[in-house]
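# Tertiary structure, described
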Amino acid sequence: MYEIQHLIDGQAVASASGNTGPVFDPATGEQVGQVGLASVAEVDAAVASARSASGEWGEVSLARRTKLMLEFRNLVVANADEVAKRLTAEHGKVLDDARGEVARGIENIEFACGLADALKGMHSEQASSGVDVYTVRQPLGVVAGITPFNFPAMVPLWMFPNAVACGNTFILKPSERDPSAPLFMAELFQEAGFPPGVLNVVHGDKVAVDRLLEHPDVKAVSFVGSTPIARYVYSTAAANGKRAQALGGAKNHMIVLPDADIDMAADAAVSAAYGSAGERCMAISVVVAVGEIADQLVDSIRVRMEKLVIGPGTDPASEMGPLITREARDRVAGYVQAGADAGCEVVVDGRDQVFDNDGFFLGVTLLDRVTTDMSVYTDEIFGPVLAVVRADSYAEGVRMIRDNPFGNGAAIFTRDGGAARQFQRDADAGMVGINVPIPVPVGYHSFGGWNDSAFGDTTMYGPEGLRFYTRPKVITSRWPDPSTSSVDLGFPRND
Ligand code: NAD
């Protein structure tokens, strides 16, 4: 069994807290590792390191920062397979998915490589006679990121490359359930030549998070995880005078209009609902089938589900892996039972699929004729369960999205441009897909939901990320009239 350590001030540090968390291989159900959970003193050591590195790092030229970031990007590209392997080993997602996750993360490093252009300020010459006004964006100092289990490589990359590019130093507190991939990336970051202390990793649970939230030297906190914890992190950080952005859970709807390409919609629903075992904050969990297409759509989805291969993420034949823990699997299976008890039609029951090992596997479930009062509709299940709600009209579908407390993603499938355009205006969500089920923005736009899916006023990465990790300073300057200068400028001003 391996031991996962912190990375503080450029050194691997074993936790002395006496508290540990188990790390499983979800495909076998075996505990394969153990992670030390940080004490308050260990978090303080990481903050002290980040603080002492921050003065010098903030002074490093844009050219040097760019060079180091390019080097990091190249190292992650060269080691992408190794990062993916570690993701699959502890998270369970299939290798193809894991590689996709790394590729999406690399987009964020590449955006951060453009820091010199992105950090250009604004300048107004001659705002008044002899007066210039300009705005520069300066780093905050020490910032922290707290990330969820479901994208252990990508979500940290939403944060630290941009934060460091802006001149901050960073403390990453990754999910304790699959901590090896983010730690490996931090080692690559170090190898790229970033000075010790610029990026520190502390593993931990609530103790570590609470210390980061209250530590006076941490100036800002980025969080991604479930809604209750996002709300807590946002309000606690704000109460402690910190800048905070906290992304939460989701219940993403996909409206399928009667004119949609059914095959395209069914393919999209299957990959977006069951990919990564439904453990994606942008997974589709509700299909709203409008009008007469419902029967055909449900049938098309069912047929595709029968072909889905579920197995260990390391097996190239597998299209879906296990869930993250035994408890998560049992909780999701409980929702399937709750749906059946509430009276919806269980078209495919994932519990019927038998797996001949102790991995945290669960088959895929399709529930039809779900109504909006059922727990399978109201709750974020975060597993391979897709609910179909039948609606009579587009308006009814939009109403459901608006009435839902979450607002991460929403998608529409239609061939009608006018309907699609109307939807992009009507949908109460931060990210909208038009014939695209999982509209995760590219690295040069920004990611974030609305309502209970995000707390704070900036979304993550891209231009919004840079805004979050810098603070503006406006300089108003006046110099004495050149005619009074002791230096003869020798150039007539009105020439
Ligand atoms: P989680 O909220 O349980 O954990 C997220 C982080 O918070 C982890 O680092 C964890 O150690 C820490 N944490 C957990 N409990 C805490 C507590 N009581 N006090 C302080 N810190 C605590 O989330 P998870 O299960 O790791 O991830 C799944 C959730 O994340 C889902 O709800 C999913 O929708 C959401 N998510 C959202 C996005 C998004 O961009 N909106 C992206 C990925 C995941």
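Just so it is clear, the model here is predicted, and its values are computed rather than measured. (Residues numbered from 1 in each chain as written. Predicted model: local features only at pLDDT ≥ 70, side-chain atom pairs only at ≥ 80, totals over all residues. Heavy atoms only, no water.)

For the chain, the helix and strand inventory stands at 16 helices and 21 strands. Buried residues in the chain amount to 54% of all 495 residues. In the chain, 72% of the contacts between residues at least 6 apart in sequence involve partners at least 24 apart. Taken together, the 41 basic and 63 acidic charged side chains of the chain have centroids lying 6 Å from each other. (Helix = DSSP H or I, 4+ residues; strand = E, 2+ residues; numbered from the N terminus. Buried < 20%, exposed > 50% of the residue type's maximum accessible area, 1.4 Å probe, protein only. Contact = heavy atoms within 4.5 Å. Lys, Arg positive; Asp, Glu negative; His and termini not counted. Charge placed at Lys NZ, Arg CZ, Asp CG, Glu CD.)

Near the ligand you find 27 residues, and of these K173, E176, S226, G248 and E380 are the closest. In this structure, F149 approaches the ligand through a main-chain N or O atom, which is 3.0 Å from an oxygen atom. Within the backbone of G248, a nitrogen or oxygen atom sits 2.8 Å from a nitrogen atom of the ligand. Put simply, the parts of the chain that give the shell around the ligand at least two residues each are α8 (206-214) and β11 (218-224). Class assignment of the residues belonging to the shell around the ligand gives a composition of 13 nonpolar, 9 polar and 5 charged. Taken domain by domain, the makeup of the shell around the ligand includes at least three residues from each of domain 1 (2-248 + 453-476) and domain 2 (252-434). (Near = heavy atom within 4 Å. Polar contact = N/O pair within 3.5 Å; in protein donor to acceptor, adjacent residues only side chain to side chain. Nonpolar A, V, L, I, M, F, W, Y, C, P; charged D, E, K, R; others polar. Domains from an automatic or database assignment.)

Only one face of strand β4 (residues 20-25) is buried: it carries G21, V23 and D25, and the other face, with T20, P22 and F24, is open. Taken together, the 6 bridges between β4 and strand β5 (residues 30-36) define a ladder with antiparallel strand orientation. Paired with G21 across the bridge in β5 is V35. Between β4 and β5, which pair antiparallel in sequence order, lie 4 residues; one of them, G29, sits at a positive phi of approximately 80°. (Pairing = 2+ DSSP bridges.)

Next up on the list: the nonpolar core. Of all hydrophobic cores here, the largest spans 66 residues; its most connected members are M69, F72, W158, F170, F189 and F194. Of all the elements, helix α6 (residues 154-165) adds the most residues to this core, at 9 residues. Shared between two domains, this core holds at least three residues of each, these being domain 1 (2-248 + 453-476) and domain 2 (252-434). Apart from residues lying up to four places away in sequence, M69 is in contact with I109, A112, C113, P161, V164, A165, F189 and F194. (Core = buried A, V, L, I, M, F, W, Y, C linked by side-chain atoms within 4.5 Å.)

Many analyses report the size of an interface as the accessible area lost when the parts associate. Under the domain assignment, the chain is made up of domain 1 (2-248 + 453-476) and domain 2 (252-434). Each of domain 1 and domain 2 has a C-alpha centre, and these two points are 31 Å apart. Of the residues lining the interface, 20 residues belong to domain 1; the matching set on domain 2 comes to 26 residues. Both faces combined, the contact of domain 1 with domain 2 buries some 1,800 Å², and carbon together with sulfur accounts for 61% of it. Three residues stand out in domain 1 for area buried against domain 2, namely A27, V94 and S453, and they jointly supply 27% of the buried area on that side. Summed over the shared surface of domain 1 and domain 2, the number is 1 salt bridge. A salt bridge links R280 to D97, with the shortest nitrogen-to-oxygen separation between them at 3.2 Å. (Buried area = accessible area lost by both parts, 1.4 Å probe. Salt bridge = Lys/Arg side-chain N within 4 Å of Asp/Glu carboxyl O.)

This paragraph deals with the pairing of strand β12 (residues 243-247). The buried fraction of β12 amounts to 4 of the 5 residues, a majority that puts the element mostly inside the structure. The sheet contact formed by β12 and strand β20 (residues 454-455) spans 2 bridges and is antiparallel. Bridged to A246 within β20 is F455.

Residues A419, A420, F423 and D426 constitute the buried set of helix α15 (residues 417-426). All buried residues of α15 project into a common sector of 125° when viewed along the axis, lining one side. Facing away from the buried surface of α15 by more than 90 degrees, the exposed residues are G417, R421 and R425. Here the buried face of α15 lies against β13 (252-256), α14 (394-403), β18 (409-413) and β19 (431-434). The N-capping residue of α15, defined by a side-chain oxygen 2.8 Å from the backbone nitrogen of G418, is D416. (Arc of directions from axis to C-beta.)

This paragraph deals with the side chain of R65. Mapped onto the elements, R65 comes out in helix α2 (residues 62-78). Despite its burial, R65 pairs with no opposite charge, the nearest such side chain being E59 at 7.8 Å. In this structure R65 touches W57, G58, V60, L115, L119, V164, A165, C166 and G167, once residues within four positions along its chain are discounted.

This part covers the environment of V346. Along the chain, V346 falls in strand β15 (residues 345-348). Each C-alpha atom of the pair V346 and V336 lies 8.1 Å from the other, and the pair is 10 residues apart in sequence. Those residues within four positions of V346 in sequence are excluded, and the remaining contacts are A340, L366 and L367.

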